[in-house]
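Take a look at the letters that make up each chain.
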Amino acid sequence: MKFPFPVSADVPLYLAPMAGVSESPFRQLCREHGADVVVTEFLSAEGIRRENEATLHKIAFGPEERPIGVQIFGADPIAMGEAARFVSDVFQPEFIDINFGCPVKKVVRRNGGSGCLRDLDLVQQVIGAVVAATSLPVTCKIRSGWNEEMRDPVSIALRCQDAGVRAIALHPRTRTQMYTGSARWEEIAAVVQALDIPVIGNGDIRTAEDAVRMHAQTKCAAVMIARGSYGQPWIFDQVKDLLAGRTKRPAPSVPERFAIALAHARKVMAYENDPRGAAIEFRKHLGWYSKGLHGGAELRKRLYAVTSFGEVEGIFADYLANAERYGNAHLLDDGEEATGAMVEADAA
Ligand SMILES: Cc1cc2nc3c(=O)[nH]c(=O)nc-3n(C[C@H](O)[C@H](O)[C@H](O)COP(=O)(O)O)c2cc1C
């Protein structure tokens, strides 16, 4: 299936938009580890239109992140059009993505995100305004509906296609489900069947095997991973191995994992202006990188207290030097690793 921007992979792997997670440093890292396409976190059309400094900082990306989509949200077609025009002119990403999936109260209250799913005429107006305002391809990301009564991903996706989107990502849960229950992959398959444009499957991919299973079961044109990338950006390389019929490369050893975490931290240092705030924000990633390690709880206790990146290096070195204290630091507890990356989310 042809994507509306150049991407070489047969089945492109997307790093999902994630507020507070899929920022420029993590996007770069995931691109280095096999992600083919990345998307910014959702950014408000109003913030963009007003050229809010923090919002514009979140749009900025480097050439190594391409192909990249900038995701915008809002329920006012005029504001959405203006935001799309501004992003296209100033940042020139490969595509503009519209968020119709965010379930967070303060967003849906104003009909943003999945709030729009209650009114499909509004969805089409928003898409129409964005398509008219930019020469870039426009894509969107939806949930299966507002609630169980309004659950109808095929009709929603068809309306989006008719309004002019060139690809569509489906997270097959309703807004009221938030993150409960399971993503219904059969709805992805149904949307793939019904549409002429590429459909990107998303939801509940925790392992490389899950991604391959989703692709086989739904025939989606691309696979999008959100929480399954937490602390394991190499999941993309592993999916690539399996899709190419190769044996999946093993997860990195503990020293390699720490080296990747530090490479991530260096990218964050280069990107953020407030080193202390950035180190504190980075604690969540440190927690994810240390999931499943022997003595992980003790390690995390130390990592959750850091206020500078320098401390992280010391804590990792100490952990490796004292490996025997934990039995064998180079072994992972498989059970914890398999479930560790999935956490309940309170965002989109
Ligand atoms: C912390 C967090 C932030 C998110 N932020 C966004 C966002 O900004 N835009 C969006 O479209 N989806 C957002 N999502 C939803 C994810 O992109 C994805 O649809 C959802 O997590 C299901 O995929 P998963 O099972 O692979 O995590 C977010 C999810 C999480 C966990």
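Once a new chain begins, its residue numbering starts again from 1 and follows that chain's sequence as written. Only residues with pLDDT of at least 70 get local features here, since the model is predicted, and only at 80 or more are side-chain atom pairs given and counted; chain-wide, interface and lining totals rely on the full set of residues.

K.L.:
So, the environment of Ala265: which residues are in play, and what are the values?
P.N.:
The helix count covers DSSP runs of H or I at least four residues long, the strand count covers runs of E at least two residues long, and both are numbered beginning at the N terminus. Among the structural elements, Ala265 can be located in helix α11 (residues 254-271). For Ala265 and Phe282, which are 17 residues apart along the polypeptide, the C-alpha to C-alpha distance reads 7.6 Å. A pair of residues counts as a contact when their C-beta atoms, built from backbone coordinates, are within 7 Å of each other. Dropping the residues within four chain positions of it, Ala265 is found in contact with Phe282, Phe309 and Val312.

K.L.:
Can you break down the domain arrangement of the protein residue by residue, with the values?
P.N.:
Where each domain starts and ends follows an automatic or database-derived domain assignment. Taken as a whole, the protein is organised into domain 1 (13-243) and domain 2 (254-338). Placing the centre of domain 1 and that of domain 2 at their C-alpha centroids yields a distance of 29 Å. With 10 residues of domain 1 at the contact, the number on the domain 2 side is 11 residues.

K.L.:
Please give an account of the packing of helix α6 (residues 120-133) against helix α7 (residues 153-163) that cites residues and values.
P.N.:
Relative orientation and spacing of two packed helices are given, respectively, by the angle between their axes and the distance between those axes. Where α6 contacts α7, the two axes come as close as 9 Å, and the packing angle between them is 30 degrees. Relative to α7, the element α6 is oriented roughly parallel. For the crossing formed where α6 meets α7, the hand is right-handed. Contacts from Leu120, Val123, Gln124, Ile127 and Gly128 of α6 reach α7 at Ile156, Arg159, Cys160 and Ala163. For this scheme, ten residues count as nonpolar: Ala, Val, Leu, Ile, Met, Phe, Trp, Tyr, Cys and Pro. Four count as charged, namely Asp, Glu, Lys and Arg, and the remainder, Gly too, count as polar. Partitioned by chemical class, the residues of the contact of α6 with α7 number 6 nonpolar, 2 polar and 1 charged. Here the axes come from fitting lines to C-alpha atoms, over the contacting stretch only for helices, and the angles between their N-to-C directions go from 0 to 180 degrees. For classification purposes, angles smaller than 35 degrees are called roughly parallel, those larger than 145 roughly antiparallel, those between 65 and 115 roughly perpendicular, and all remaining angles oblique. Each crossing is labelled by how the near helix is turned from the far one, with a counterclockwise turn of less than a right angle marking it left-handed and a clockwise turn marking it right-handed.

K.L.:
Give me the pairing of strand β4 (residues 68-73): which residues, what numbers.
P.N.:
To sort residues by burial, count the other C-beta atoms lying within 10 Å of each one's C-beta; a count of 20 or more means buried, 12 or fewer means exposed, and anything in between means partly exposed. C-beta atoms are built from the backbone. β4 sits mainly inside the fold: 6 of its 6 residues count as buried. If DSSP finds at least two bridges between two strands, the strands pair. Two elements, strand β2 (residues 37-39) and β4, share 2 bridges in a ladder whose sense is parallel. Bridging across to β4, Val38 finds its partner in Ile68. Note that strand β3 (residues 43-44) and β4 share 2 bridges and pair parallel. In the strand pairing of β4, Leu43 is matched with Ile72. Bridge analysis of β4 against strand β5 (residues 95-100) gives 4 bridges, and the strand direction is parallel.

K.L.:
So what about the pairing of strand β9 (residues 222-225)? Which residues, and what values?
P.N.:
Every second residue of β9 is oriented toward a common face, with Ala222 and Met224 on one face and Val223 and Ile225 on the other, all of them buried. Across 3 bridges, strand β8 (residues 199-202) lies against β9 in parallel orientation. Paired with Gly201 across the two strands is Val223, which belongs to β9. Orient the strands so they point away from the viewer; a crossover is then right-handed if the path from the first strand over the helix to the second runs clockwise. Running through helix α9 (residues 208-218), the crossover from β8 to the neighbouring parallel element β9 is right-handed.

K.L.:
Any details on the environment of Arg110? Residues and values, ideally.
P.N.:
Looking at the element boundaries, Arg110 is found in the loop between α5 (105-108) and α6. For the pair Arg110 and Val312, spaced 202 residues apart in sequence, the C-alpha separation works out to 41 Å. The contact partners of Arg110, leaving out residues within four places of it in the chain, are Ala75 and Gly115.

K.L.:
Kindly report on the confidence of the model for the protein, identifying the contributing residues and their values.
P.N.:
The quantity known as pLDDT measures the predictor's confidence residue by residue, on a range of 0 to 100. Averaged over every residue, the pLDDT of the protein is 92; residues scoring 70 or more account for 93%. Segment residues 333-348: pLDDT under 50, and 36 contacts once partners within four positions in sequence are set aside and those in other chains are kept.

K.L.:
So, the nonpolar core: which residues are in play, and what are the values?
P.N.:
Linking buried Ala, Val, Leu, Ile, Met, Phe, Trp, Tyr and Cys residues through C-beta atoms within 7 Å yields a set, and such a set is a nonpolar core. Counting residues in each nonpolar core, the largest one holds 81 residues, and the members touching the most others are Tyr14, Ile72, Ile127, Val130, Ile168 and Val223. If one sorts the elements of this core by residue count, α6 sits on top with 7 residues. Each residue touching Val223, except ones within four places of it in the same chain, is listed here: Val11, Leu13, Tyr14, Gly201, Ile205, Ala211, Met214, His215 and Val239. The next biggest cluster of nonpolar side chains, apart from the first, holds 17 residues, and it includes Phe258, Trp288, Tyr289 and Leu293.

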